[in-house]
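Each chain, letter by letter, is given below.
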Amino acid sequence: METVAVIVGAGPSGLAISACLTLHSIPFIILEREDCYASLWKKRTYDRLSLHLAKEFCYLPFAKHPRKAKTYISKDAFLRYIDDYVSHFKITPRYHRSVESAELDKVQGKWRIEAHNTIDEKIEVYFASFLVVASGENSEGYIPDIPGLDGFPGEVVHSSHYKSGLKYENKDVLVVGCGNSGMEIAYDLSNYHARTSIVVRSPFHVLTKGMVHLGMSLLKWFSVDAVDKVTLLLARFTYGNLSKYGIHQPKLGPFFQKVLTGRSPVIDVGTVKKIKSGELKVLPGISRINGNNVVFDDSKEMKFDAIVFATGYKSTVTRWLKDYKYVMNEDGMPSKSFPSHWKGENGLHCAGFSRRGLAGITTDAIAIADDINKVYTSKK
């Protein structure tokens, strides 16, 4: 089957590209391995999740949230927003299509994509002048290789499969990872009376939603350095010195760090208060695991019933994209730095890899669609 563009992935990035190409009247096919669009949001998010950023920074192309919408969108409200987006732009992904390989046919000058139809158990072949990798940087949950983990008799779960702390009531649970997911899951577990500890290895900034909202608004008029100074003053006034609780501050300011490394500050949902009260324990890195006992880098040993890994995700692009070097590095991330990261060679593009949330997805989608339209119309 031949078309102008093939999009791999029907998450927010794939949907955003679809909408933009639709407005340019460019034919495309969107392939999705799951049985629904936005599967990460629909299937692999915990119950209490909401968007951490204000609504004006969290929308897809040509579909801002209405003024009456709450400043911070809940998970259910965001899913309704996605449903309306798909309906409005008449996006029809081909589900149950797991892309097995994609490579440039240098004779035809087109991309050859092989997708496994997991319903019919057939291989489908597509040809396209443009290929958009929209499977995102959160393709597969990452669990580090810890000595003894395979012998842990309790439950081991990645944050993408965590739903609620209800099932862990009165259990000893260790959360590994101190990003936004890890801190919020630890808070949720504690609310359900799990005896919760969290591993903190790296320095990170702790801010409130209001501080982040203010900072992102100020960045429209002031330098990153100036906004960081204001934000850090507010954080120090609100939380004090957290180093005595095992939380250390990075040398870079929160917004400069985000620009430079893509790492976001932790937006506190109440976790810090529980840490200060001793309800949540902060522990150092894990050295090894002996049965139910976890040995930490400070040689202390504690027994746990379950371990939740909030250790992020990894890209799986290089497993199926044979000619990934036209746009990606060996880790399946863009080989070019922001803001030119999305554009590869020979009609290959990637969306949703900028580590800038929905705002980054929107920027990517518009740029990619405009670029495809420019090349496509010039050839016509």
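In short, a report on the structure.

About the thresholds
Residues numbered from 1 in each chain as written. Predicted model: local features only at pLDDT ≥ 70, side-chain atom pairs only at ≥ 80, totals over all residues. Heavy atoms only, no water. Phe/Tyr/Trp six-rings, centres within 6.5 Å; stacked < 30°, edge-to-face > 60°. Helix = DSSP H or I, 4+ residues; strand = E, 2+ residues; numbered from the N terminus. Buried < 20%, exposed > 50% of the residue type's maximum accessible area, 1.4 Å probe, protein only. Patch = residues over 30% accessible without salt bridge, like charges linked within 9 Å, V, L, I, M, F, W, Y side chains within 5 Å. Areas by Shrake-Rupley, 256 points an atom, 1.4 Å probe, with all protein chains shown as cover. Salt bridge = Lys/Arg side-chain N within 4 Å of Asp/Glu carboxyl O. 1 Å grid on protein atoms, 1.4 Å probe; cavity = no way out; pocket = protein on both sides within 12 Å on 5 of 7 lines; lining within 4 Å. Points joined across faces, edges and corners; volume = space filled by probe spheres on them. Nonpolar A, V, L, I, M, F, W, Y, C, P; charged D, E, K, R; others polar. Expected span 1.5 Å × (residues − 1). Pairing = 2+ DSSP bridges. Axes fitted to C-alpha atoms, helices over the stretch in contact; angles between N-to-C directions.

### Focus on the packing of aromatic side chains
How two aromatic rings sit relative to each other is set out by the distance from centre to centre and by the angle between their planes. One pass over the structure, following the stated rule, counts seven aromatic pairs. On the numbers, 4.6 Å between centres and 50° between planes, the contact of Trp41 with Phe78 is tilted. In this pair, Trp41 is assigned in helix H2 (residues 39–43) and Phe78 in helix H3 (residues 75–88), connecting sequence segments 37 residues apart. We note that Trp41, like Phe78, is buried. Members of the aromatic cluster, each reached through a chain of ring pairs, are Trp41, Phe78, Tyr81, Tyr85 and Phe89.

### Thoughts on a nonpolar patch on the surface
A cluster of nonpolar side chains, namely Leu23, Phe62 and Ile366, defines an oily patch on the protein surface of about 290 Å² accessible area. Mapping Leu23 onto the fold places it in helix H1 (residues 12–23).

### Quick word on the layout of surface pockets
When its volume is computed, the second largest pocket comes out at roughly 380 Å³. Forming the walls of the second largest pocket are 18 residues, and the residues nearest its centre are His65, Pro66, Ala69, Ala77 and Tyr81. Broken down by class, the residue content of the lining of the second largest pocket amounts to ten nonpolar, three polar and five charged.

### A look at helix H4 (residues 180–191)
Residues three or four positions apart in an α-helix share a direction because the helix packs 3.6 residues into each turn. Over its twelve residues, H4 extends 17 Å from the first C-alpha to the last, a length consistent with the 16 Å expected when each residue adds 1.5 Å. Most of H4 sits inside the fold, with ten of its twelve residues counted as buried.

### Looking at the sheet that holds strand S16 (residues 306–309)
Sheet strands pair via backbone hydrogen bonds, and the direction of the pair is either parallel or antiparallel. Spatially, S7-S16-S8-S9-S12 is the arrangement adopted by the five strands of the open sheet, whose pairing is parallel. Each end of this open sheet is capped by a strand with a single partner; those strands are strand S7 (155–158) and strand S12 (281–283). The sheet shows a mean angle of 20° between the axes of neighbouring strands, direction not considered. Pairing of strand S8 (residues 172–176) with S16, which is carried by four bridges, proceeds in the parallel orientation. When the sheet's bridge partners are listed, Val175 is paired in S16 with Val308.

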